[in-house]
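The primary structure of each chain is shown beneath.
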Amino acid sequence: SEEDALYAHTCMVSKGEYLTSMFLEPEIIQMVWMYFDRFEYLFSVYMDTPTNFLITPGTSDGHMSNEAFLQFCIDFQLFPQIIDFNSLNCYYQSAESIIELTREEIKKCTHKDEKEASFQVGDVVELPSFLKAGKKGGKVRPGDPLKIIAVDCSDVDSEAVLVMTARLKKLWVKMGAIKKAE
């Protein structure tokens, strides 16, 4: 019910606030300072996502995914003996030292090599039959052979190819809208 969901959410938030306040105790801060190099080593062991390709300050070390964090908690017998799964996810999501990266920031740093693209210059492709005839201003019909003359992978969200029709018309088509010719 809605009341149960609200109660569960309130419990998770309360646990998170309680844990956060515990981490701010002077004894804990001193312990973290004393054993920082060991905590850093443990992080490097469980870190599973390299971030050195990002040009954002503070991201050169790497990232520990939620899966790696869960594995860490299992290995040190924190989960499920001490912390339940929902609380663990809540703690991971509310980590205060995370660096938020937007999709645009990640897109700036990533580049797909055109040699690894699904289609290459010289390939013959066609529009699938489920697309309506007359697409692209009537220049191309499903089943018409199209020869790829250029590949653009500069934007991972809109990878495209420049194709030429049998009537020597050129147009850009998203890679997801074509298939290899039969």
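Residues numbered from 1 in each chain as written. Predicted model: local features only at pLDDT ≥ 70, side-chain atom pairs only at ≥ 80, totals over all residues. Heavy atoms only, no water.

A look at the packing of helix H4 (residues 66–75) against helix H5 (residues 85–93)
Here is step 1: One can describe the packing of H4 onto H5 by two numbers: an axis separation of 11 Å at closest approach and a directional angle of 125°. One way to sum up the angle between H4 and H5 is to call them oblique. In this structure, H4 crosses over H5, and the sense of that crossing is right-handed. The segment H4 lies against H5, with Asn66, Phe69, Leu70 and Cys73 engaging Phe85, Leu88, Asn89, Tyr92 and Gln93.
Here is step 2: Broken down by class, the residue content of the contact of H4 with H5 amounts to six nonpolar, three polar and no charged. (Axes fitted to C-alpha atoms, helices over the stretch in contact; angles between N-to-C directions. Helix = DSSP H or I, 4+ residues; strand = E, 2+ residues; numbered from the N terminus. Parallel < 35°, antiparallel > 145°, perpendicular 65-115°, else oblique. Left-handed = near helix turned anticlockwise from the far one by under 90°. Contact = heavy atoms within 4.5 Å. Nonpolar A, V, L, I, M, F, W, Y, C, P; charged D, E, K, R; others polar.)

Quick notes on the pattern of salt bridges
Here is step 1: Inspection of the entire model under this criterion finds three salt bridges.
Here is step 2: Between Asp37 and Arg38 there is a salt bridge whose closest N-O contact spans 3.9 Å.
Here is step 3: Residues Asp123 and Lys180 are paired through a salt bridge, measuring 2.9 Å at the closest nitrogen-oxygen approach. Taken as a pair, Asp123 in the loop between helix H6 (103–109) and strand S1 (124–126) and Lys180 in strand S5 (residues 179–180) lie far apart in primary sequence, 57 residues in all. (Salt bridge = Lys/Arg side-chain N within 4 Å of Asp/Glu carboxyl O.)

Focus on the packing of aromatic side chains
Two measures describe an aromatic ring pair: the distance that separates the ring centres and the angle between the ring planes.
Here is step 1: Enumeration over the complete set of coordinates arrives at five aromatic pairs.
Here is step 2: For the ring pair Phe72 and Phe76, a centre distance of 4.8 Å and an interplane angle of 40° mean the geometry is tilted.
Here is step 3: Assessed through its relative accessible area of 42%, Phe76 is described here as partly exposed. (Phe/Tyr/Trp six-rings, centres within 6.5 Å; stacked < 30°, edge-to-face > 60°. Buried < 20%, exposed > 50% of the residue type's maximum accessible area, 1.4 Å probe, protein only.)

What to know about the nonpolar core
When a protein is soluble and globular, its nonpolar side chains tend to lie buried together.
Here is step 1: Within the largest apolar cluster, 15 residues are counted, with the highest numbers of intra-cluster contacts made by Val161 and Val163.
Here is step 2: Going through the elements one at a time, strand S2 (146–152), strand S3 (160–164) and strand S4 (170–174) are the ones with two or more residues in this core.
Here is step 3: Sort the elements by how many residues they give to this core and S2 lands first, with three residues.
Here is step 4: In this structure, Val161 is in contact with Phe119, Ile148, Ala150, Val151, Leu171, Trp172, Val173, Met175 and Ile178, ignoring residues within four places of it in sequence.
Here is step 5: Counting ten residues, the second largest nonpolar core, distinct from the first, contains Met64, Phe69, Phe79 and Leu88. (Core = buried A, V, L, I, M, F, W, Y, C linked by side-chain atoms within 4.5 Å.)

It is worth stressing that arrangement in space is one thing and function is another; only the former is reported here.
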